[in-house]
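Structural overview for review
Each chain, letter by letter, is given below.
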Amino acid sequence: MIKNIIFDLGGVIMTLDHPEAVRRFKALGLADAEQQLDAYTQTGIFGDLEHGKITAEDFMREISKQVGHEVSYEACRHAWLGYCKEVPARNLQLLQELRSKGYRVILLSNTNPFMMSWVMSDEFDGKGHPLSYYMDACYCSYQLGVMKPDETFFRKVLMSEQILPSETLFVDDGPRNVAAASQIGITTFCPENGADWTQEIYQYLL
């Protein structure tokens, strides 16, 4: 019986716009933005940031070196937020509904300080609430020092929450991520980025 639901952020709660993120980083002067940015798992300095290996300040310095001019925090943040296409109200309503039904609702995301500065602000939902308003707990890759699809990330969350894989559903738009979660006994659901999954999810909760 499912008691806990772990959600990815980008591609599930929030619709991703990978091309827009690429366009914004190119506008900063990053000519090979398409090669450096990935829709699911970042690599290079982008991956180092989301892995927690470097800070936001380190990232700004490295981007500045690559593009040949100083890039501000605000400019980096604007570029990263290119990933944020929309936050459908139906998704947030569903999170509230699930919590009211007694499910523990948890975030597990490969993300970074620039993105989370917006996600955890009162600008997130357009109603003055951060994402944490809709969650029981939030786990971010850059804070834990591990990224999906590394199963260590899932194990850290299970251990911290003191929950069982057999009682947990993981919702993520990345096939490699759900495959990793299923390997340790977590039930998985892999909707496509931007899809309305708010009804289909109940098939996994019966």
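Residues numbered from 1 in each chain as written. Predicted model: local features only at pLDDT ≥ 70, side-chain atom pairs only at ≥ 80, totals over all residues. Heavy atoms only, no water.

1. With respect to the packing of aromatic side chains
In the structure shown here, the tally under the stated rule is 14 aromatic pairs. When the centroid spacing of 5.7 Å and the interplanar angle of 85 degrees are considered together, the rings of phenylalanine 25 and tryptophan 80 count as edge-to-face. Taken together, the residues phenylalanine 25 in helix H1 (residues 18–27) and tryptophan 80 in helix H5 (residues 73–80) connect sequence positions 55 residues apart. We classify phenylalanine 25 as buried; its relative accessible area is 0%. (Phe/Tyr/Trp six-rings, centres within 6.5 Å; stacked < 30°, edge-to-face > 60°. Helix = DSSP H or I, 4+ residues; strand = E, 2+ residues; numbered from the N terminus. Buried < 20%, exposed > 50% of the residue type's maximum accessible area, 1.4 Å probe, protein only.)

2. Some remarks on the pairing of strand E5 (residues 137–140)
Where strand E4 (residues 104–109) and E5 come together, 4 bridges link them in parallel fashion. By the bridge assignment, isoleucine 106 is partnered in E5 with alanine 137. (Pairing = 2+ DSSP bridges.)

3. Quick notes on the packing of helix H3 (residues 44–51) against helix H4 (residues 56–67)
Remark: H3 packs on H4, axes separated minimally by 10 Å, with the N-to-C direction vectors making an angle of 175 degrees. By the angle between their axes, H3 is roughly antiparallel relative to H4. Here H3 contributes Ile45, Phe46 and Leu49 to the contact with H4, which in turn contributes Ala56, Phe59, Glu62, Ile63 and Gln66. Tallied by class, residues from the contact of H3 with H4 come to 6 nonpolar, 1 polar and 1 charged. (Axes fitted to C-alpha atoms, helices over the stretch in contact; angles between N-to-C directions. Parallel < 35°, antiparallel > 145°, perpendicular 65-115°, else oblique. Contact = heavy atoms within 4.5 Å. Nonpolar A, V, L, I, M, F, W, Y, C, P; charged D, E, K, R; others polar.)

4. Observations concerning helix H6 (residues 89–100)
For H6, spanning 12 residues, the distance from its first C-alpha to its last is 17 Å, which sits close to the expected 16 Å at 1.5 Å a residue. Taken as a whole, H6 has its buried residues at Asn91, Leu92, Leu94, Leu95 and Leu98. One face of H6 carries all of its buried residues, which in axial projection span an arc of 155 degrees. As for H6, its buried residues are in contact with strand E1 (4–7) and E4. Positioned one or two residues after H6, glycine 102 has a phi angle of 100 degrees, which is positive. (Expected span 1.5 Å × (residues − 1). Arc of directions from axis to C-beta.)

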